[in-house]
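Here are the chains, one letter per residue:
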Amino acid sequence: MKKVIPIFYLCMLSLASSAQNRITHYSMDLELLKTTVWLLEGSRYISPQLSVYHKHWMFQTAFGSASIDDIVYQEVDYNNSGWFVSAKALHRILGKTQGINGVYMGLGLGMSDYTEKGDITFEGNYFDDFRATLKQQNRSYFVQWSARIKQKLGDKWIIGQGIDITHIINNYNHTEFPVKYVTGSGIVNIFGDRADNES
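Notes on the structure in this doc start here.

1. Quick notes on the overall build of the chain
Point 1. Of the regular secondary structure elements, the chain holds one helix and 11 strands.
Point 2. Listed N to C, the secondary structure of the chain is β-β-α-β-β-β-β-β-β-β-β-β in terms of helices and strands.
Point 3. Across the 199 residues that make up the chain, the buried fraction comes to 43%.
Point 4. Pairs at least 24 residues apart make up 59% of the contacts formed inside the chain by residues separated by at least 6 positions.
Point 5. Carbon and sulfur atoms provide 60% of the accessible area of the chain, an area that totals close to 11,000 Å².

And the structure:
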């Protein structure tokens, strides 16, 4: 477990009413912050999540897809396209035994299948510009340490904040260039050297 990827997110929308005497609650969540940021950058990211709250537990599953454009260096136009699936179990450490409101911490497992492409252009001083395309496809498995804060807003809406710390647990299949982004997880080695992302 050598590659650490932090993620922040802001959500949610609840699909089920939550009566006071109900033991189990459900919500359908959407990561508004990450979705909005990538949309403003001209990229696509969607990750609906189903959350089930039972007593002091929250169980969460997510399936998402993304197509993200970025500029790695001045000469490289980067694209990452793929999908991911994950499942988490989180325990409420602060808050009432029943209901939704509270602070949760837990673990999750997931898989991401993604393709990275880099279009490289070097301007030529004497000859034509040099252009090349590098492409690699990887499937990554990961473990996530998660923390969530959930607060109901009326009967139907929930706002949540959280952080995930993700560890990629397998080696990359292809490393034509250092892996930059794992779909559904985030930027690889955000606090380290991306040159280490080649194994």
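Once you've had a look at it, read on.
2. Let's talk about a nonpolar patch on the surface
Point 1. On the surface, a cluster of nonpolar side chains totalling about 330 Å² of accessible area is made up of Leu 107, Trp 145, Ile 163 and Ile 165.
Point 2. Here Leu 107 is to be found in strand S7 (residues 102-122).
Point 3. On the basis of relative accessible area, Leu 107 is assigned to the partly exposed category, the value being 46%.

3. Here's the deal with helix H1 (residues 32-40)
Each α-helix turn comprises 3.6 residues. Residues three or four places apart therefore point the same way.
Point 1. Among the residues of H1, those classed as buried are Lys 34, Thr 35 and Trp 38. Relative to the axis of H1, the buried residues are bounded by an arc of 100° and lie together on one face.
Point 2. One or two positions beyond H1, positive phi appears at Gly 42, with a value near 85°.

4. Brief notes about the nonpolar core
Point 1. Ranked by size, the top nonpolar core spans nine residues in total: Trp 38, Tyr 45, Ala 62, Ala 66, Ile 68, Tyr 78, Phe 84, Phe 177 and Tyr 181.
Point 2. Among the elements that make up this core, the one with the highest residue count is strand S5 (residues 57-73) (three residues).
Point 3. Setting aside anything within four residues of it in sequence, one finds Tyr 181 in contact with Trp 38, Tyr 45, Ile 68, Tyr 78, Asn 80, Tyr 114, Glu 116, Gly 186, Ile 187 and Val 188.

5. Here's the deal with the packing of aromatic side chains
Point 1. Counted according to the given criterion, the structure contains four aromatic pairs.
Point 2. With centroids separated by 6.1 Å and ring planes inclined at 15°, the aromatic side chains of Trp 57 and Phe 59 adopt a geometry described as stacked.
Point 3. Accessibility expressed as a relative area gives 39% for Phe 59, which makes it partly exposed.

Cut-off values and rules
- Position numbers for residues start from 1 in each chain and track the written sequence from start to end.
- For a predicted model such as this one, the threshold for reporting local features is a pLDDT of at least 70, and the threshold for listing and counting side-chain atom pairs is 80 or more; totals across whole chains, interfaces and linings nevertheless cover every residue.
- To obtain the side-chain values, all non-hydrogen atoms of the structure were included, while hydrogens and water were left out.
- Strands are runs of DSSP state E lasting at least two residues, helices are runs of H or I lasting at least four, and both sets are numbered from the N terminus onward.
- Burial status follows relative accessibility: with a 1.4 Å probe on protein chains alone, a residue under 20% of its type maximum counts as buried, one over 50% as exposed, and anything between as partly exposed.
- In what follows, residue pairs with any heavy atoms lying within 4.5 Å of each other are defined as contacts.
- Where accessible areas are quoted, they stem from the Shrake-Rupley method and a 1.4 Å probe; at the residue level, only the protein chains shown are allowed to cover.
- What makes a patch is a set of residues exposed beyond 30% relative accessible area and free of salt bridges, joined within 9 Å when like-charged and within 5 Å when nonpolar (Val, Leu, Ile, Met, Phe, Trp, Tyr).
- Whenever Lys or Arg places a side-chain nitrogen within 4 Å of a carboxyl oxygen from Asp or Glu, that contact is recorded as a salt bridge.
- Note that the arc is computed from the directions linking the helix axis to the C-beta atoms.
- By nonpolar core we mean a set of buried residues, namely Ala, Val, Leu, Ile, Met, Phe, Trp, Tyr and Cys, connected to one another through side-chain atoms within 4.5 Å.
- Any Phe, Tyr or Trp ring, taking Trp's six-membered ring, that has another such ring centre within 6.5 Å forms a pair; planes under 30 degrees apart are called stacked, those over 60 apart edge-to-face, and the others tilted.

Taken by themselves, the reported measurements are silent on function.
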